Amino acid sequence: MEVVTGAMGSLLPKLGKLLLEEYKLHKGVKEKTKDLRKELESMNLALVKIDEVPRDQLDRQDKLWADDVRDLSYKIEDVVDKFLMHVDRIQPDDTTNGFKGLMKRTAELFKKGKDRNRIGHAMKGIQEELQKVAARRDRNKVDGMAPNTREAVVIDPRLRALYTEATELVGIYGKRDQDLMSLLSLEGGDASNKRLKKVSIVGFGGLGKTTLARAVYNKIKGVFDCRAFVPVGRNPNIKKVFRDILIDLGNSNSDLALLDERQLINKLHEFLENKRYLVIIDDIWDEKLWEYINLAFSDRNNLGSRLITTTRIVSVSNSCCSSANDSIYQMKPLSTDDSRRLFHKRIFPDKSACPNEFEQVSNDILKKCGGVPLAIITIASALASGQQVKPKREWDILLQSLGSGLTEDNSLEEMRRILSFSYYNLPYDLKTCLLYLCIYPEDHEINRDKLIWKWVAEGFVLHGNQGTSLFLLGLNYFNELINRSMIQPIYDPLGQVYACRVHDMVLDLICNLSHEAKFVNVFDGTGNIMSSQSNVRRLSLQNKMEDHQAKPLTNIMSMSRVRSITIFPPAVSIMPALSRFEVLRVLDMSDCNLGESSSLQPNLKGVGHLIHLRYLGLSGTGISKLPAEIGTLQFLEVLDLGYNPELDELPSTLFKLRRLIYLNVRFYKVVPTPGVLQNLTSIEVLRGLLVSLNIIAQELGNLARLRELEIRFKDGSLDLYEGFVKSLCNLHHIESLSISCNSKETSFELMDLLGERWVPPVHLREFVSYIPSQISALRGWIERDPSHLSNLSELILTSVKEVQQEDVEIIGGLLSLRCLAITSTHQTQRLLVIRADGFSCVVYFELDCGSAAQIIFESGALPRAERVEFSLGVRVAKEDGNRGFNLGLQGNLLSLRRGVRIWMYCGGARVGEAKEAEAAVRRALEAHPNHPRIEIYMIPRIAKEMLMMTICVRTRRRTDF
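Calculation notes
- Residues numbered from 1 in each chain as written.
- Predicted model: local features only at pLDDT ≥ 70, side-chain atom pairs only at ≥ 80, totals over all residues.
- Heavy atoms only, no water.
- Buried < 20%, exposed > 50% of the residue type's maximum accessible area, 1.4 Å probe, protein only.
- Helix = DSSP H or I, 4+ residues; strand = E, 2+ residues; numbered from the N terminus.
- Polar contact = N/O pair within 3.5 Å; in protein donor to acceptor, adjacent residues only side chain to side chain.
- Axes fitted to C-alpha atoms, helices over the stretch in contact; angles between N-to-C directions.
- Parallel < 35°, antiparallel > 145°, perpendicular 65-115°, else oblique.
- Left-handed = near helix turned anticlockwise from the far one by under 90°.
- Contact = heavy atoms within 4.5 Å.
- Nonpolar A, V, L, I, M, F, W, Y, C, P; charged D, E, K, R; others polar.
- Salt bridge = Lys/Arg side-chain N within 4 Å of Asp/Glu carboxyl O.
- Phe/Tyr/Trp six-rings, centres within 6.5 Å; stacked < 30°, edge-to-face > 60°.
- Lys NZ or Arg CZ within 6 Å of the ring centre and 35° of its normal.

Asks: Any chance you could explain helix 21 (residues 448-458) here in plain terms?
Replies: One turn of the α-helix equals 3.6 residues, which is why residues spaced by three or four share an orientation. When you tally the buried positions in helix 21, you get eleven out of eleven residues, the bulk of the element. Three or more residues of helix 21 are buried, namely Arg448, Asp449, Lys450, Leu451, Ile452, Trp453, Lys454, Trp455, Val456, Ala457 and Glu458. One side-chain oxygen at the N-terminal end of helix 21 lies 3.0 Å from the backbone nitrogen of Asp449; it belongs to Asn447. Looking one or two residues past helix 21, Gly459 carries a phi angle of roughly 85°, positive in sign.

Laid out in structure tokens, this is it:
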């Protein structure tokens, strides 16, 4: 949103608050504020219209006006924010809560002449600047916004792919013949092959979807009675689409232009009746558009017709293939070898191989291209000059420019223009979120949750319904960017997205757009700054060259207007003093060394000066103490302390932060005193809480918005557990719950209490217990109402008293479960069978019942499990007649990819029996077609428990920053 409308999104609501009667503004100031708000609302609408036109098609006057207005919006908000900094009567422990309370407390200052004069003079100056900007654009009348018709019309670069020879694209035959052709099922007399079959090709822009579709079209079109290949694009005219289809099919009647949509659809039905047809609809962007197009093609045509679509958007692809007979083809990048051949063919057409001089730089460039044919061809074209090859130094220059957005090489413009189609199709709030990703270095793994919290702190996530979590709204933004192929998802061991990466070509695009919009400044210590040095709003300190002699930033630019700074090691060496920032909202120093040995440790003491701070990232910084003035940061929403083992305790002032939404601390350092925990009324995520008193446990019940809770009890007293369960019953939004206890005493009271008094909310996703427990509570929840655990995807229970066959079957019926890890300590049932009809979605399976049982897998069990860990009691198996140690492993567990681990308990068994058991199990697993890694351990129980805790924590990687 901000790249489109500047600071308007947050500024306009602030001006509305200032106009409330309780503020008691001076009459003149109030009128000026009203006029200012009206003027800015008009400008805001104009900015949104301007954004609908690509920047390279904008009239220059419109572009300059938009830049001026965005810059002015920042200045106006800075005036408001700087005024708020002088509100010295705000008391952190004031009982009046929220922004409304802030307005009430601030109103007293406006009564003072000094402050009235300050805001009055500021409003007068702002009005004068507005008049200058408006005069330059004729009072900002941009209703007739249109692309600049005076500049040269650019040919749609996608047309090039339509007429590219298929042989130009190395690897096209493998894709076409082996994958797509098999989906089309053109041969055979099967009834399903006679029905209309739809195949959708989906993938990132530039992968060659159009070229692949054209190649397939040219190969198979001869076996059809009629055929059509019709491009659609971002802003299609549905009537023109239907007319183009009819014309391509061979119906070119002159009266087509007179028909409406319904008549054109009927015309298509009539023309295609009793014909076997092939139709390709290329580049669909909208599901509703597809619904219209689909009306023209009847499923009753049983002549073997085929309908192929291409799209960049996953949801559109799903919509195109809604029946069981349809298929989706996920476009994949070229292999390394095919990428190299395509690249070299374009540059060295008369040579069989790349000269040694260019080998390394060639490989480095191809790595950035990531197998994207468009990127490979475009960059190769930049390096080929007729029959000559450009000098190696020019290759090196281009390599360094990729991903930075700084290159002036016009040959990359086509690549950017094609990628920009996806960008300009985004809603304006998603555009801002995407451009924000240019703060990260290339190939950086971007943690999902951390990114979303930054979006929230920056104000990019628009408020939804009252009470809706901004994080969950931001999660929708993140998923939508994945859906639109703008970011590449990174999956955790459970197959769920926990991070993303930006393709280098997309990074090049957004860096270029950010540079034009003056959205982010990237400083790498080399003297190059991606944006201008004036009006710096966001800083990304990367120092990629690790130049420790780099000039201090304060010698180059002013920090007074910086709202966000993200620092990556080793750029911490050029970090400015915190006292130089006046309106900072986001400060991320994660993984930078701020420990005792660092000269930057004293700089953290100035953090109390950052009164507007919303986000503070200090995970992995090595700090040993958090300054007490952290309590003055009344706007702080996210505090990520993460992994800092030297951090002994947190200051009590931390619990004055009423706006805090996210608090993440490892090693359970959050130790509240009675009466303070309830102040965190906005908290949604609380990790690292250590509770020792019943009264504190009961205060948890006041944190009504809590979604994720990681808690440890100092002891296992019944009084403490009762207070906790009472609070938990009031937390209706809990999605993730992790509980543990310092006490080693065996007690099953907590799970009993949970089973009796707590009903899990239906959105519970994760339940983790590291305390001694009984499984009866879980069984009770499922038996009473299975819907309460319908979304449970992760279940970890250590030190369970016993697991019965009934428990296995009940838990196996949880349809959303993807991760299961259970350890039994007092097992009596000697045989547990994993049935074929259970655990249908489990990806990670672990069940350890010690030496007292054997676990056997039915044929077809765990169909999706990629990693399996289980125990085998050698003596029990032998005594119960399983002398061959047949556990059902051979020809089973067909999804195993990430390995299998067996805890083989040999207590009471002879050495020969233990070796026999190991050999039998290993032999069965070595025959597995996926050849998974095999780990068989015959170790004491105590060592196993230590490792179990480590494994469980590691599998929950995605929940950590």
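Asks: It is not clear to me how the packing of helix 15 (residues 336-347) against helix 17 (residues 373-383) should be interpreted in this structure. Could you clarify?
Replies: The relative placement of two packed helices is expressed as an angle between their axes plus a distance between the axes. Packing of helix 15 against helix 17 leaves a shortest axis separation of 8 Å and a crossing angle of 30°. Judged by the inter-axis angle, helix 15 sits roughly parallel to helix 17. The handedness of the crossing between helix 15 and helix 17 comes out as right-handed. Contacts between helix 15 and helix 17 involve Ser339, Leu342, Phe343, Arg346 and Ile347 on the former and, on the latter, Pro373, Ile376, Ile377, Ile379, Ala380, Ser381 and Leu383. Of the residues assigned to the contact of helix 15 with helix 17, the class counts are nine nonpolar, two polar and one charged.

Asks: I keep staring at the pattern of salt bridges and nothing clicks. Help me out?
Replies: Pairing is possible between side chains of opposite charge, provided their charged atoms come close. Within the structure shown, the criterion is met by 31 salt bridges. Residues Asp396 and Lys392 are paired through a salt bridge, measuring 3.1 Å at the closest nitrogen-oxygen approach. Remark: Lys392 and Asp396 occur in helix 18 (residues 392-401); sequence separation between them is four residues, near one turn of the helix. Linking Glu708 and Arg687 is a salt bridge whose minimum nitrogen-to-oxygen distance equals 2.7 Å. Linking Glu708 in strand 19 (residues 708-713) with Arg687 in strand 18 (residues 685-691), this pair joins segments that are 21 residues apart in sequence.

Asks: Sorry if this is basic, but what is going on with the packing of aromatic side chains here?
Replies: Two aromatic rings are characterised by how far apart their centres lie and by the angle between their planes. Applying the stated rule across the entire model yields 21 aromatic pairs. When the centroid spacing of 5.5 Å and the interplanar angle of 50° are considered together, the rings of Trp453 and Tyr662 count as tilted. You can see Trp453 sitting in helix 21 and its partner Tyr662 sitting in strand 17 (residues 662-665), a full 209 residues away along the chain. Among the aromatic residues, those joined into a cluster by ring pairs are Phe343, Phe348, Phe358 and Trp395. Over the ring of Phe271 we find Lys275, and its NZ or CZ is 4.4 Å from the ring centre. The ring centre of Phe224 lies 4.6 Å from the NZ or CZ of Arg276, which sits over that ring.

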